[in-house]
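Chains, contacts and geometry: an overview
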Amino acid sequence: MKKRETIFLSPPCMHASERRMVKEAFDSNYITAGGPMVARFEREMEARTGIPHAAAVSAGTAALSLAYRELGVGRGDIVFCSDLTFIASIGPAIHAGAKPVFIDSNPATWCIDPALLEEALFDAQKRGKIPKCVTVVDLYGQCCDYDAIEAICARYGVPLLVDAAEAFGATYKTRSAGDAGFAGVLSFNGNKIMTTSGGGMLLSRDAAVIERARKRSQQSREEKPWYEHVEIGHNYRLGNVNAAIGLGQLAHFDAMLEKKRRIFARYDRELAGLMQEMPEASYGRCSRWLSVFLLDDGGRVMPLIDSLAKEAIEARPVWKPMHLQPCFKGCKCYGGAVSERLFAHGVCLPSGAGLTAPQQSRVIRSVKRILHEQ
Ligand SMILES: Cc1ncc(COP(=O)(O)O)c(C=O)c1O
């Protein structure tokens, strides 16, 4: 029997331009961390996002780590973070010795609920335990309510970090995803809308923040002929070959973004009545990094995902909220019922920018049949 081709959740979507740029990197022999294509990639991302300063690093997690480092997050500090996210949003702060407090989602956006954030900050002020940082996550390509969150953080004098790892291409009003607070983070790992194989970026309107992050990403080496270090840095710089892939991907970014939105719109149309779509906030445009839907009956989510897997179709549940993670047992969470419901009822369907119409038809047919048979 012919083996069925696997349809992955969000695989890379490559073109001739990436190959051409990688060849150019090879021909120049800059097979290094850093290099001319890294600088070029940074300038193109600055132009594309409208955020004037960018440091390209080896992962979104590395960018988050540099952001926490910039704020001096350390032992005993508290960091507030969106509850519904991937662990990398808070992981580097925990490594630095901080304690998390999680804040639930708003059901209308699935992103952090500004009212709960305000409540948590009010409590924190009363107890004299203001967090060192508030980290908000642009979930599945949907921006948080930047204006509301910035105003709240400003009232309490707390720096805001935007984890826009999943949201390159999304907008909040006229701003790009990540363009809020003191800095924003993007990820270019292999499942993101655009990839550098592995990579990430810290972006900011503050040139000094990015200058320090770039230096720290290269072992904090001073400008001396010998190796001189006033502080201890990291080895986080993006590789030149990775940046070459990124430059090749950027040439196709608009088309890939458009494709993601079309994939979502087709699922939404053809699965109407069976599933409820992740809402799009009125203040911006979601990138639809992943096409995410809710089933009325949460008990059908895992059987659906398992049955799809048997048909070589990769689907996943929504992120498991941080407050339910064993490693965060006992950590405080404001709310939690919304993220729990989204986790229990949510399913992410194959959404790669390279997904063909016949492949998507196959996914839709399988979903309909499985849900009918269940
Ligand atoms: C919300 C969020 N934050 C951070 C990251 C970490 O990015 P990376 O995998 O590039 O380290 C990811 C994705 O992987 C993510 O989804």
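Residues numbered from 1 in each chain as written. Predicted model: local features only at pLDDT ≥ 70, side-chain atom pairs only at ≥ 80, totals over all residues.

1. Regarding the site of the ligand
Close to the ligand lie 14 residues, the nearest being A59, G60, T61, A165 and S187. Residue classes in the shell around the ligand are distributed as five nonpolar, seven polar and two charged. (Near = placed C-beta within 6 Å. Nonpolar A, V, L, I, M, F, W, Y, C, P; charged D, E, K, R; others polar.)

2. Section: the nonpolar core
Formed by 113 residues in total, the largest nonpolar core has its most connected members in V57, A67, L117, M201 and L202. For this core, the element with the most residues is helix α3 (residues 60-71), which contributes seven residues. Summarising the domain contributions, this core has at least three residues from each of domain 1 (16-250) and domain 2 (253-373). (Core = buried A, V, L, I, M, F, W, Y, C linked by C-beta atoms within 7 Å. Buried ≥ 20, exposed ≤ 12 C-beta atoms within 10 Å, placed from the backbone. Helix = DSSP H or I, 4+ residues; strand = E, 2+ residues; numbered from the N terminus. Domains from an automatic or database assignment.)

3. What to know about the sheet that holds strand β11 (residues 284-285)
If you trace the three strands from one edge of the open sheet to the other, you get β7-β6-β11, paired in antiparallel fashion. In this open sheet, the two edge strands, each paired with only one partner strand, are β7 (175-176) and β11. Where strand β6 (residues 171-172) and β11 come together, two bridges link them in antiparallel fashion. Considered in β11, the bridge of Y172 is made with G284. (Pairing = 2+ DSSP bridges.)

4. Observations regarding the sheet that holds strand β13 (residues 316-317)
In a beta sheet, neighbouring strands are held together by backbone hydrogen bonds and run either parallel or antiparallel to one another. A sheet is described by the order of its strands in space; here four strands give the open sequence β10-β12-β15-β13, paired in antiparallel fashion. The sheet is open, and its two edges are formed by β10 (276-277) and β13, each paired on a single side. Two strands pair when backbone bridges link them, and strand β12 (residues 291-294) and strand β15 (residues 346-349) are joined in this way by four bridges, in the antiparallel orientation. The residue bridging L294 from the neighbouring strand is G346, located in β15. Together, β10, β12 and β15 form the strand contacts of helix α9 (residues 253-270), whose direction differs from that of β12 by roughly 25 degrees. (Contact = placed C-beta atoms within 7 Å. Axes fitted to C-alpha atoms, helices over the stretch in contact; angles between N-to-C directions.)

5. So, helix α12 (residues 357-373)
Over its 17 residues, α12 runs 24 Å from end to end, which matches the ideal 24 Å to within 8%, given 1.5 Å per residue. Taken together, the buried positions of α12 are Q360, V363 and V367. The arc enclosing the buried residues of α12, seen along the axis, measures out at 55 degrees, which places them on a common side. Exposed side chains of α12 directed beyond 90 degrees from the buried face belong to A357, P358, S361, R365, R369, H372 and E373. On its buried side, α12 packs onto α9 and β15. (Expected span 1.5 Å × (residues − 1). Arc of directions from axis to C-beta.)

6. Section: the pairing of strand β2 (residues 78-82)
Of all five residues that make up β2, four are buried, and the element is covered over most of its length. Bridge count for β2 against strand β3 (residues 99-103) is five bridges, and the pairing is parallel. If you follow V79 over to β3, its bridge partner there is P100. Taken together, the three bridges between β2 and strand β4 (residues 133-137) define a ladder with parallel strand orientation. Considered in β4, the bridge of F80 is made with V134.

7. Side note on helix α2 (residues 36-49)
Helix length check: α2 (14 residues) gives 20 Å between terminal C-alpha atoms against 20 Å at 1.5 Å per residue, within 8%. Looking only at α2, the buried set comprises M37, V38, F41, E42, M45 and T49. The buried side chains of α2 occupy one side of the element, clustering within an arc of 145 degrees when seen end-on. Among the exposed residues of α2, those pointing more than 90 degrees away from its buried face are R43 and A47. In this structure, the buried residues of α2 make contact with α1 (16-28), β1 (53-57), β7, β9 (200-204) and α8 (240-250).

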